[in-house]
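Listed below are the residues making up each chain.
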Amino acid sequence: AVVSTQSTGVRPDIVMIPKLDSVEEACFLNSIISQCSSEPFPVIFQTESAVGLINLPEIINSLIASSHVIPVAIVFGSDDYVSDIRGSRDIDAVVYARQKIVTYSRAYNIQPIDRVYIEYKDLEGLKRESEKGFGFGFAGKQCIHPTQIPVIQSAFSPSHEQLEYARELIRSFEDNQAAGKGAFTFRGKMIDRPTLLQAKNVVDMFDE
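Not measured: the values here are computed from a predicted model. All residue numbers here refer to positions counted from 1 along the written sequence of the relevant chain. Local features in this predicted model are restricted to residues of pLDDT 70 or higher, and side-chain atom pairs are both shown and tallied only at a pLDDT of 80 or more, whereas totals for entire chains, interfaces and linings draw on every residue. As a rule here, side-chain values cover all heavy atoms of the structure and leave hydrogens and water aside.

A. Just the packing of aromatic side chains, in detail. A pair of aromatic rings is counted whenever rings of Phe, Tyr or Trp (Trp by its six-membered ring) have centres within 6.5 Å, and the orientation is called stacked for planes under 30 degrees apart, edge-to-face for over 60 and tilted otherwise. Under the counting rule described, the total for this entry stands at 4 aromatic pairs. Look at Phe76 and Tyr81: their rings are 5.5 Å apart centre to centre, the planes differ by 65°, and that puts the pair in the edge-to-face class. For Phe76, a relative accessible area of 1% puts it in the buried group. Each residue gets one of three labels from its accessible area relative to the maximum for its type: buried under 20%, exposed over 50%, partly exposed in between, using a 1.4 Å probe on protein chains only. The exposure class assigned to Tyr81 is buried, which follows from its relative accessible area of 7%. Here the aromatic rings of Tyr165 and Phe186 are separated by 5.3 Å at their centres, their planes lie at 70°, and the arrangement is edge-to-face. You can see Tyr165 sitting in helix α9 (residues 160-178) and its partner Phe186 sitting in strand β6 (residues 184-186), a full 21 residues away along the chain. Classification of Tyr165 as partly exposed rests on a relative accessible area of 24%. Strands here are runs of E lasting at least two residues and helices are runs of H or I lasting at least four, both read from the DSSP assignment and numbered beginning at the N terminus.

B. Seen up close, helix α4 (residues 56-65). Listing the buried residues of α4 in full gives Leu56, Pro57, Ile59, Ile60, Ser62 and Leu63. Here a residue-residue contact requires only that any non-hydrogen atoms of the pair lie within 4.5 Å. Packing partners of the buried residues in α4 comprise α2 (23-34), β2 (41-47), α3 (50-54), β3 (69-76) and α6 (95-107).

C. Layout of the confidence of the model for the protein chain. The predictor's confidence in any single residue is recorded as pLDDT, a number from 0 to 100. Summarising the model, the protein chain shows a mean pLDDT of 88, and 94% of its residues fall at 70 or more. The weakest mean pLDDT in the protein chain belongs to helix α1 (residues 2-8) at 54; the strongest belongs to α3 at 97.

D. Looking closely at the environment of Ala155. Turning to its location among the elements, Ala155 is positioned in helix α8 (residues 148-155). Note on Ala155: relative accessible area 10%, which makes it buried. When near neighbours in sequence (up to four residues on either side) are disregarded, Ala155 contacts Ser130, Glu131 and Phe134.

E. View of helix α7 (residues 123-136). In a regular helix each residue adds 1.5 Å, so 14 residues correspond to 20 Å; α7 covers 20 Å between its end C-alpha atoms and thus fits that length. By the burial criterion, the buried members of α7 are Gly125, Leu126, Glu129, Ser130 and Gly133. Down the axis of α7, the buried side of the element spans an arc of 130°, and every buried residue falls inside it. Opposite the buried face of α7, at more than 90 degrees from it, the exposed residues are Lys132 and Gly135. The span one expects for a helix is its residue count, reduced by one, times 1.5 Å. Starting at the helix axis, one direction is taken to each C-beta atom, and the arc is that of these directions.

F. Spatial organisation of the packing of α4 against α6. The geometry of α4 relative to α6 is characterised by a closest axis approach of 10 Å and an angle of 25° between their N-to-C directions. If you check the angle between α4 and α6, you find them roughly parallel. For the element pair α4 and α6, the recorded crossing hand is right-handed. In contact with Leu56, Pro57 and Ile60 of α4, α6 contributes Lys100, Ile101 and Tyr104. Nonpolar residues are Ala, Val, Leu, Ile, Met, Phe, Trp, Tyr, Cys and Pro. Charged residues are Asp, Glu, Lys and Arg, and all others, Gly as well, are polar. Partitioned by chemical class, the residues of the contact of α4 with α6 number 5 nonpolar, no polar and 1 charged. Inter-axis angles, ranging from 0 to 180 degrees, are taken between N-to-C directions of lines fitted to C-alpha atoms, where helices are fitted over the stretch in contact. Each angle receives one of four descriptions, namely roughly parallel if under 35 degrees, roughly antiparallel if over 145, roughly perpendicular if within 65 to 115, and oblique otherwise. Handedness of a helix crossing follows the sense of rotation of the near helix relative to the far helix, less than a right angle counterclockwise being left-handed and clockwise being right-handed.

G. Looking closely at the pairing of β3. The element β3 is extensively covered by neighbouring structure, given that 6 of its 8 residues are classed as buried. Pairing of β2 with β3 involves 7 bridges; the strand directions are parallel. Along β3, the bridge assignment pairs Val43 with Pro71. Any two strands with at least two DSSP-identified bridges between them are counted as paired. Alignment of β3 against strand β4 (residues 111-114), held across 3 bridges, turns out to be parallel. Each bridged residue has a counterpart across the sheet, and for Ala73 the counterpart in β4 is Gln111.

H. Up close: the nonpolar core. Among the nonpolar cores identified, the biggest contains 31 residues, and Phe45 and Leu63 are the most heavily contacted of them. Looking at this core, the elements with two or more residues in it are β1 (15-17), α2, β2, α4, β3, α5 (78-85), α6 and α8. When residues no more than four places from it in sequence are discounted, the contact partners of Leu63 are Leu20, Ala26, Leu29, Phe45, Val69 and Pro71. Residues belong to a common nonpolar core when they are buried Ala, Val, Leu, Ile, Met, Phe, Trp, Tyr or Cys residues joined through side-chain atoms within 4.5 Å. Leu163, Phe173, Ala199 and Val203 belong to the second largest nonpolar core, which has 12 residues in total.

I. Quick look at the side chain of Gln148. Inspection of the secondary structure puts Gln148 in helix α8. Excluding anything up to four places from it in sequence, Gln148 contacts Tyr117, Tyr120, Leu126 and Cys143.

If you want it as C-alpha cells, here you go:
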C-alpha cells in the first residue's frame, strides 16, 4: 500500500496487516504509513500467534495512540495461531483466543473478525460456526469462497424474529419507565438494564 500510494498517488481505502505481534511492529507500521499519508489511515490487522495474542492490549493501545493509524478491525488468524501453539483446528482448541480477541476488540470499539472456515463446500457447517461466532460477540467472519458470503452475512445479521423481539422489549421497557418501574417481566423473563442493552444492540445492527 505504501509503494502504491507513493508511486501512483492513489490512497487505498484500508490496509490489511498480517501477523502484528508486538508494540515495536505497531510503531514501525505507524512510521511506514506516516511516509505516505498525512492523515490517519484505517487498518485491519491480524492476530496469528501466541505472542501476538498476549501482546494484543498493548498493540491496540500503541495503534490508538499513534498519529497515523486507526485500527478498525482485528482478524483472528487461527491457522497460524494453532500451528504456533501446536494445537488443532478443532473449535474447542481456540476458545480462549477467540474470547480474548472479542473482549479486547469490543473494549476498544474495534470490530472482531472470526476465523476462516476452510471446508468451503460445507455450508451447513459454516452456518453453525458463524452463528456460534455471532454468539461469541464477533462482528463478522473471514471467507475464502463466494458461496460463503450469504451464509456469513445471514448468520451475523439479526433474524426477523430477533429484531421484533428486541423492538417489543424496548417498547415495553419505555412503557415501564414511564410508569416509574425499574426491572420488569417480558414474555415470562425478568428484564433489567443489561438485557435492554442487548436488545438495543440487535436493533443497532439492523439499522447499520
